[in-house]
Amino acid sequence: MANVNAMTVDVEEYFQVEAFASDIPVNEWSKYESRLAIQMDKLLGTFADTNVKATFFTLGWIAEAHPEILKRIVAEGHEIASHGFMHQHLSKQNADIFSEDISKAKKLIEDTTGVEVKGYRAPCFSISADNDWAHDLIAEAGYQYSSSSYPIKHDLYGVPLAPRDAYRLSNGLLEIPVTTTIWRDRVFPAGGGGYFRLLPFWVFDFLFGKGQKDRTANFYTHPWEFDPDQPRIESNFKSQFRHHVNQKTAMKKLTKLCEKYDWTTMENAYLSKEHPTLGDWLSVASGKYSEKAS
């Protein structure tokens, strides 16, 4: 029987991404042209055509600026979840600011859509060993699960030694990492984002196929990844390349991915299943559980 994987979208504007954070102050966001309605129309249309249901981790800022988009997401049968309010890397927040941000976002999204928000994803998967206090605050804010970790090495995010499969913390919160795979004794990203656009489809498909073998995979993307006509932000070459690479072909690749695998929401894919506790993970010798699960 084929696995049913989780399709997820981080709903944010092109000018809110971490790659441009040093170029665009938060107080200037409103000066930029919004492209979200155009991008979401493409994305929701593709999901409808391929019979995909997804989870949309949405900024509170977006809920305030574009409530009609959130209502459309829910009306079309997708799950709405929280990406926090202001898309700030956790390293820029203390506990009080973080708690206020995620609580404010949850309430606004629920008030806008009329449905309970169960899931949260930190901007840039920025929960690490240095700020894992965030998990307690996420649980206290009323979230049932988090998808805020990516067990890879990356300059903006990543905890390479973190669990590669979903696990439950002592506070009851379920943490669901983005999917990776082990190939030739190395961990490779297999969960989407810039890697999905950068790699040829057959390479990504090979990694994703291994990553979702005998497990539920967690794939993520963003609306701006499918919009080659969006305005260009003046920034360094690395950030420009990272943001714009292969946007013209991204929708064709996403359509192929949607058609090849079965997809559902995070809630449907994970919440009804049993998952190991973090203690279970820590009691197993480093890497053994991951290698067995691959």
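This is a predicted model, so every value here is computed, not measured. (Residues numbered from 1 in each chain as written. Predicted model: local features only at pLDDT ≥ 70, side-chain atom pairs only at ≥ 80, totals over all residues. Heavy atoms only, no water.)

(A) Focus on the packing of aromatic side chains. For the coordinates displayed, the defined rule picks out 24 aromatic pairs. Note on phenylalanine 125 and tyrosine 150: the rings are 5.6 Å apart at their centroids and 70° apart in plane angle, and the pair reads as edge-to-face. Of this pair, phenylalanine 125 sits in the loop between β4 (119-120) and α5 (134-140) while tyrosine 150 sits in the loop between β5 (145-146) and β6 (167-168), and the two are 25 residues apart along the sequence. Ring geometry for tyrosine 150 versus tyrosine 220: centroids 6.2 Å apart, planes at 90°, classification edge-to-face. Here tyrosine 220 lies in strand β10 (residues 218-221) and tyrosine 150 lies in the loop between β5 and β6, a separation of 70 residues in the sequence. Residue classification places tyrosine 150 among the buried residues on the basis of a relative accessible area of 0%. We classify tyrosine 220 as buried; its relative accessible area is 4%. An aromatic cluster of three or more residues is present, and its members are Phe196, Phe204, Phe208, Phe219, Tyr261 and Trp263. Sitting over the face of the ring of phenylalanine 85, lysine 104 holds its NZ or CZ atom 4.2 Å from the ring centroid. When the ring centre of phenylalanine 196 is taken as reference, the NZ or CZ atom of lysine 253 above it lies at 5.4 Å. (Phe/Tyr/Trp six-rings, centres within 6.5 Å; stacked < 30°, edge-to-face > 60°. Helix = DSSP H or I, 4+ residues; strand = E, 2+ residues; numbered from the N terminus. Buried < 20%, exposed > 50% of the residue type's maximum accessible area, 1.4 Å probe, protein only. Lys NZ or Arg CZ within 6 Å of the ring centre and 35° of its normal.)

(B) Here's a closer look at the nonpolar core. Counting residues in hydrophobic clusters, the biggest one holds 59 residues, and the most contacted among them are Met7, Phe47, Phe56, Phe219, Leu254 and Leu257. In this structure, leucine 257 is in contact with Phe196, Phe201, Phe204, Phe208, Phe219 and Trp263, ignoring residues within four places of it in sequence. One finds Ala6, Tyr145, Leu174 and Tyr270 within the second-largest nonpolar core, a separate group that totals 10 residues. (Core = buried A, V, L, I, M, F, W, Y, C linked by side-chain atoms within 4.5 Å. Contact = heavy atoms within 4.5 Å.)

(C) Main features of the side chain of glutamate 175. For glutamate 175, the location among the structural elements is in strand β7 (residues 174-175). Among buried Asp, Glu, Lys and Arg side chains, glutamate 175 stands out as unpaired, with arginine 121 the closest opposite charge at 7.6 Å. A polar contact is formed between the side chain of glutamate 175 and the backbone nitrogen of serine 148, at a distance of 2.7 Å. Here glutamate 175 is in contact with His135, Ser146, Ser147, Ser148, Ser149, Ala166, Tyr167 and Leu169, once residues within four sequence places are set aside. (Lys, Arg positive; Asp, Glu negative; His and termini not counted. Salt bridge = Lys/Arg side-chain N within 4 Å of Asp/Glu carboxyl O. Polar contact = N/O pair within 3.5 Å; in protein donor to acceptor, adjacent residues only side chain to side chain.)

(D) Spatial organisation of a nonpolar patch on the surface. A grouping of Leu198, Phe237 and Phe241 is seen on the molecular surface, where their side chains present a nonpolar patch of about 350 Å² in accessible area. Residue placement: phenylalanine 237 occurs in helix α8 (residues 237-244). (Patch = residues over 30% accessible without salt bridge, like charges linked within 9 Å, V, L, I, M, F, W, Y side chains within 5 Å. Areas by Shrake-Rupley, 256 points an atom, 1.4 Å probe, with all protein chains shown as cover.)

(E) Spatial organisation of the environment of tyrosine 32. Mapping tyrosine 32 onto the fold places it in the loop between β1 (4-11) and α1 (36-49). Sequence spacing of tyrosine 32 and phenylalanine 15 is 17 residues, and the spatial spacing of their C-alpha atoms is 7.3 Å. Setting aside anything within four residues of it in sequence, one finds tyrosine 32 in contact with Tyr14, Phe15, Ile24 and Ile233.

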